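In case you want the letters, here they are:
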Amino acid sequence: MNAHPHPLVSIILPCRNEADNIVACVESILAQEPPEGGFEVVVADGMSTDGTRELLDEVAANFPQVRILNNPGRIVSTGLNAAIRAARGDIIVRMDGHTTYAPDYVRQCLAVMEETGADNVGGPMLTRAETFMEEAVRAVFHSPFAVGGARSHAASYEGWVDTVIYGCWRKSVFREVGGFDEELVRNQDDEHNLRMNRKGYKVYQSPRIRSWYRVRGSLSALFRQYMQYGYWKILVIQKHCAPASWRHVVPGGFVAGMCLLAVLGCFWSPALWSFAGLAGAYVLSVFLVSLFTAARSGWKLLPLLPATFWCFHVGYGYGFLRGVWDFWLFHNAPQTEFVRLTRDRPL
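Per chain, residue numbering runs from 1 following the sequence as it is written. Predicted model: local features are reported for residues with pLDDT of at least 70 only, side-chain atom pairs are reported and counted for 80 or more only, and whole-chain, interface and lining totals are derived from all residues. Excluded from the side-chain calculation are hydrogens and water; included are all heavy atoms of the structure.

Caption draft 1: Geometry of the overall build of the chain. Helix and strand counts for the chain stand at 12 helices and 11 strands. Each radius of gyration is computed over the set of C-alpha atoms, and the globule rule expresses the reference value as 2.2 Å times the number of residues to the power 0.38. Here the chain has a C-alpha radius of gyration of 21 Å; the compact-globule value for 347 residues is 20 Å, and the two agree. In terms of overall dimensions, the chain has a C-alpha envelope of 75 × 45 × 40 Å along the principal axes. Whether a residue is buried, partly exposed or exposed follows from its accessible area with a 1.4 Å probe, protein chains only, as a fraction of its type maximum: under 20%, in between, or over 50%, in that order. Burial status across the chain gives 52% buried among its 347 residues. Here a helix means four or more residues in a row that DSSP labels H or I, a strand means two or more in a row labelled E, and each is numbered from the N terminus.

Written as structure tokens, this is what we have:
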């Protein structure tokens, strides 16, 4: 396919150290059914050190519609903004290096945008797994108990939402709403959609828009991932003086309540009994939901499911409380654990 001088669609892809996934991702992008007017691919590489850049340069040498940019900021938000500035298309489609895309992904984005009149469209977070641990994470990932009923995790949901993963917008939206917040290491998509909502723009999710995200492959990586989600959510709340959804504060409240009752229980027996009761109710809930999840996804996963649910809840809750401590109480700079990559081999 030759590069189109004035492509209708610019696919933007921030990435860093994705050598294990980037080839499959880019192959699925290049296999897209081209819209009328064609498309280009703008990759913002966050100074990768694991061979990702070499793989991308090889692709760009063979496919002229692929351009590679340096992203010295190294985080997703700076990469997205750099790619948007360089994009030549009227439509921006944001993609992610940990994901592969259906051949009609772009076409369906354009169709859903036209049919609904939405200003941003996206699909649900379908998932893929290649290892036994990833299968367990995948099963929990789609449980409402794990994610508080977030519609982006519901594979069949269609309708108006407060946010979508990735996204497809007209480039003109960014002139009105602004780019992605470069202070945010995580949650930059949610924060951008929140700004869109407050300016009257509408966001729509359709199961026709299909992509498959590869979940984390270990409990430690999963815990770090959700710890960072909780941590950076505090900065979003601070900027907008309210959470986008109350489900964002529940894990932090749960972890804070458990810690407070445990401390008070050392001096006051009613607090100790309350701690025991709350802990017992949580353990029972996790056990029952794990049974339901195993019945749906495979009984072999059952031994891993309770710990996986715990990583989702406690990881997010702990990160949320650390964000309160750093951003609200003491105005500390984020430590490395809240900035670095959360892959199994962080670099």
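Following the structure, the description resumes.
Caption draft 2: Examining the nonpolar core more closely. As used in this record, nonpolar core signifies buried Ala, Val, Leu, Ile, Met, Phe, Trp, Tyr and Cys residues forming a set joined through side-chain atoms within 4.5 Å. Judged by nonpolar contacts, the single largest core of 72 residues is most densely connected at M95 and V121. It is helix α9 (residues 219-240) that provides the largest number of residues to this core, a total of 10 residues. Residue contacts follow a heavy-atom distance rule, with two residues in contact if any of their heavy atoms lie within 4.5 Å. Look past the residues within four positions of M95 in its chain and what remains in contact with it is I11, I12, L13, P14, I29, Y101, Y105 and V106. Counting 14 residues, the second-largest nonpolar core is a separate cluster that includes V42, L80, V173 and M196.

Caption draft 3: Expanded view of the pattern of salt bridges. In what follows, salt bridge is the name for a side-chain nitrogen of Lys or Arg lying within 4 Å of a carboxyl oxygen of Asp or Glu. Scanning all chains against the criterion turns up 20 salt bridges. D190 is the salt-bridge partner of K233, the closest N and O atoms lying 3.1 Å from each other. Taken together, the positions of K233 in helix α9 and D190 in helix α8 (residues 188-198) put the pair 43 residues apart, joining distant regions of the chain. On the basis of relative accessible area, K233 is assigned to the buried category, the value being 3%. Residue D190 is classed as partly exposed on the basis of its relative accessible area of 26%. Across the salt bridge formed by E191 and R195, the nearest N and O atoms sit 2.8 Å from each other. One end of the pair, E191, and the other, R195, are both in helix α8, 4 residues apart, so they sit about a helical turn from each other. The burial state of E191 is the same as that of R195; both residues are buried. Ionic contacts of the salt-bridge type, sharing partners, join the residues E33, D104, R107 and R210 into one network.

Caption draft 4: Examining the packing of aromatic side chains more closely. Between the rings of Phe, Tyr and Trp (Trp by its six-membered ring), a pair exists once the centres lie within 6.5 Å; its type follows the angle of the planes, with under 30 degrees stacked, over 60 edge-to-face, and the other angles tilted. Applying the stated criterion to the full structure yields 17 aromatic pairs. Each residue in the set Y231, W232, F327 and F338 is aromatic and connected to the rest through ring pairs, giving one cluster. Here the basic side chain of K202 rests over the ring of W160, its NZ or CZ set 5.6 Å away from the ring centre. By definition, being over a ring means that NZ of Lys or CZ of Arg is both within 6 Å of the ring centre and within 35 degrees of the ring normal.

Caption draft 5: Layout of the pairing of strand β3 (residues 66-70). The pairing of strand β2 (residues 39-45) with β3 spans 5 bridges and is classified as parallel. The partner of A44 across the bridge, within β3, is L69. Handedness of a crossover is defined as follows: with both strands directed away from the viewer, a clockwise route from the first strand across the helix to the second makes it right-handed. For the crossover that starts at β2, traverses helix α2 (residues 52-62) and ends in the parallel β3, the hand is right-handed. Two strands form a pair only when DSSP identifies at least two bridges running between them.

Caption draft 6: Molecular detail of unusual backbone geometry. Of note, Y166 is a non-glycine position whose phi angle comes to about 60°, a positive value. Mapping Y166 onto the fold places it in the loop between β8 (159-161) and β9 (168-170). According to the relative accessible area criterion, Y166 is buried, its value standing at 6%. Phi angles above zero are rare outside glycine, and H331 is one such case at about 55°. Mapped onto the secondary structure, H331 falls in the segment after α12 (305-329).

Caption draft 7: Focus on the side chain of D104. Mapped onto the secondary structure, D104 falls in the loop between β5 (99-101) and α4 (105-116). When sequence neighbours within four positions are dropped, the list of residues in contact with D104 reads Q32, E33 and R210.

Caption draft 8: Seen up close, the sheet that holds β5. A sheet is described by the order of its strands in space; here 3 strands give the open sequence β5-β11-β7, paired in mixed fashion. Here the strands that pair on one side only, and so sit at the sheet edges, are β5 and β7 (126-128). Averaged over all neighbouring strand pairs, the angle between strand axes comes to 30°, with direction disregarded. When β7 meets strand β11 (residues 211-214), the two strands line up parallel, connected through 3 bridges. Opposite R128, over in β11, you have R214 as the bridge partner. To get an axis, fit a line to the C-alpha atoms, keeping to the stretch in contact for a helix; angles then go from 0 to 180 degrees between the N-to-C directions.

Caption draft 9: Region of interest: a nonpolar patch on the surface. The patches described consist of residues with a relative accessible area above 30% and no salt bridge, like charges being joined within 9 Å and nonpolar side chains (Val, Leu, Ile, Met, Phe, Trp, Tyr) within 5 Å. Where accessible areas are quoted, they stem from the Shrake-Rupley method and a 1.4 Å probe; at the residue level, only the protein chains shown are allowed to cover. Taken together, L260, V263, L264, F267 and W268 make up a surface patch of nonpolar side chains, about 580 Å² in accessible area. Relative to the helices and strands, W268 resides in the loop between α10 (250-265) and α11 (269-297).

These figures come from the coordinates and say nothing about function on their own.
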